[in-house]
Amino acid sequence: MTYATYVYAVRRTGGPEIHSPGHDGGGPVRLLPLGSLTAVVQDVPAAEFTGEALRQRFTDRLDLERCARTHHRVVSAAAAGAATVPLPLATLYANDVRTKVVLEEHAELLSEALHRVAGHVEWAVKVHRDTAVPLLEPEPETGTPVPDEPATGREYPAGAGDRRGTSDGRQESALDAVDLVDRVVRTVAVASVRRPLHGVELTGRDRPQVMNGAYLVPRDDERLLTAALDTLRQDPRLSGFAVETSGPWVPYSFVSVALAEGAGRDGARA
């Protein structure tokens with residue numbers, strides 16, 4: 001059987017061994033020296049990790065989740081012992097020699113990324129409209145009828161204007177909420193990334209998401225972040241919104257951009 005080298009992450013040389021299971025059917029997770037750096041790798045069956053094989057496998061949501069969880073588990077184990085730069089899911093090279101050539105070409109880029117995240121963790125901060133606290137909307141003037149449906153063509157534009165006003169108000173309130181949360185969290189974080197909003201199919205139809213951010217926080221300042229978030233949740237300016245957080249995570253969001261022109265995906269090519 002032909003094997004390819006799957007690369008989970010890169011960290012500085014000198015960290016402890018990693019005792020974490022990798023992808024099924026492969027060898028043990030091991031460390032591959034790269035001069036002052038070390039790659040966290042595993043030998044995997046090449047035929048199961050070609051570009052075409054991965055495209056087919058990842059159409060199966062369960063298979064995709066299984067691969068992603070394995071990748072994250074190994075990266076987290078690596079990060080527990082030393083500052084770590086996680087590589088994207090399914091980063092592969094034909095063999096160890098090819099892996100060394102590619103990663104050593106980008107040693108400076110990887111070292112900069114390691115320096116950036118050393119001593120830091122990632123926290124996810126999301127803001128949703130909270131349906132448990134209804135947002136206030138303008139009430140109609142006294143004596144003004146509010147028909148369920150416009151009775152004439154003239155009434156329709158007026159009604160549409162009212163709805164646009166309500167929609168604009170909701171949009172403005174959401175922008176204000178996002179700005180407030182972002183400003184407060186950034187007093188603790190050293191960097192931030194705004195991610196695409198999750199659709200209602202993921203958040204639930206009664207909880208539309210208005211913010212999906214990731215923040216790079218010094219590990220020693222996590223208590224400050226927790227305190228800031230607790231204060232935010234009591235802030236009356238966020239009435240009608242819910243702030244949710246998760247972490248700490250390996251700082252995936254703060255190395256992927258830096259590595260975009262670095263380590264690539266070889267599949268099982270030589």
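Preceding this section is the structure that the text describes.
On a predicted model such as this, the values are computed, not experimentally measured, just so you know.

Visitor: Is there a simple way to explain the overall build of the chain in this structure?
Guide: When helices and strands are tallied, the chain shows seven helices and nine strands. A total of 270 residues make up the chain; the buried ones form 39% of that total. Intrachain contacts of the chain at a sequence separation of at least 6 include 77% that bridge at least 24 residues. In the form shown here, the chain has an accessible surface area of approximately 15300 Å², with 53% of it arising from carbon and sulfur atoms.

Visitor: So what exactly am I meant to see when it comes to the packing of aromatic side chains here?
Guide: Here the distance between the centres and the angle between the planes together describe a pair of aromatic rings. A complete count under the given rule lists two aromatic pairs for this structure. With a centroid separation of 5.9 Å and 75° between ring planes, the pair formed by Tyr6 and Phe49 is classed as edge-to-face. One end of the pair, Tyr6, is in strand 1 (residues 3–12); the other, Phe49, is in the loop between strand 3 (37–45) and helix 1 (51–57), with 43 residues separating them in the sequence. Its guanidinium or amino end placed over the ring of Phe49, Arg57 lies 4.9 Å from that ring's centre, counting from NZ or CZ.

Visitor: How should I be thinking about unusual backbone geometry in this particular structure?
Guide: Working note: non-glycine residues mostly have negative phi, and peptide bonds are mostly trans. Between Gly247 and Pro248 the backbone carries a cis peptide bond, its omega angle lying at 0°. Here Pro248 shows up in strand 9 (residues 241–249). In this structure, Ala90 takes a positive phi of about 65° despite not being glycine. Mapped onto the elements of the fold, Ala90 is located in the loop between strand 4 (84–86) and strand 5 (92–93).

Cut-offs and rules
- Residues numbered from 1 in each chain as written.
- Predicted model: local features only at pLDDT ≥ 70, side-chain atom pairs only at ≥ 80, totals over all residues.
- Heavy atoms only, no water.
- Helix = DSSP H or I, 4+ residues; strand = E, 2+ residues; numbered from the N terminus.
- Buried < 20%, exposed > 50% of the residue type's maximum accessible area, 1.4 Å probe, protein only.
- Contact = heavy atoms within 4.5 Å.
- Areas by Shrake-Rupley, 256 points an atom, 1.4 Å probe, with all protein chains shown as cover.
- Phe/Tyr/Trp six-rings, centres within 6.5 Å; stacked < 30°, edge-to-face > 60°.
- Lys NZ or Arg CZ within 6 Å of the ring centre and 35° of its normal.

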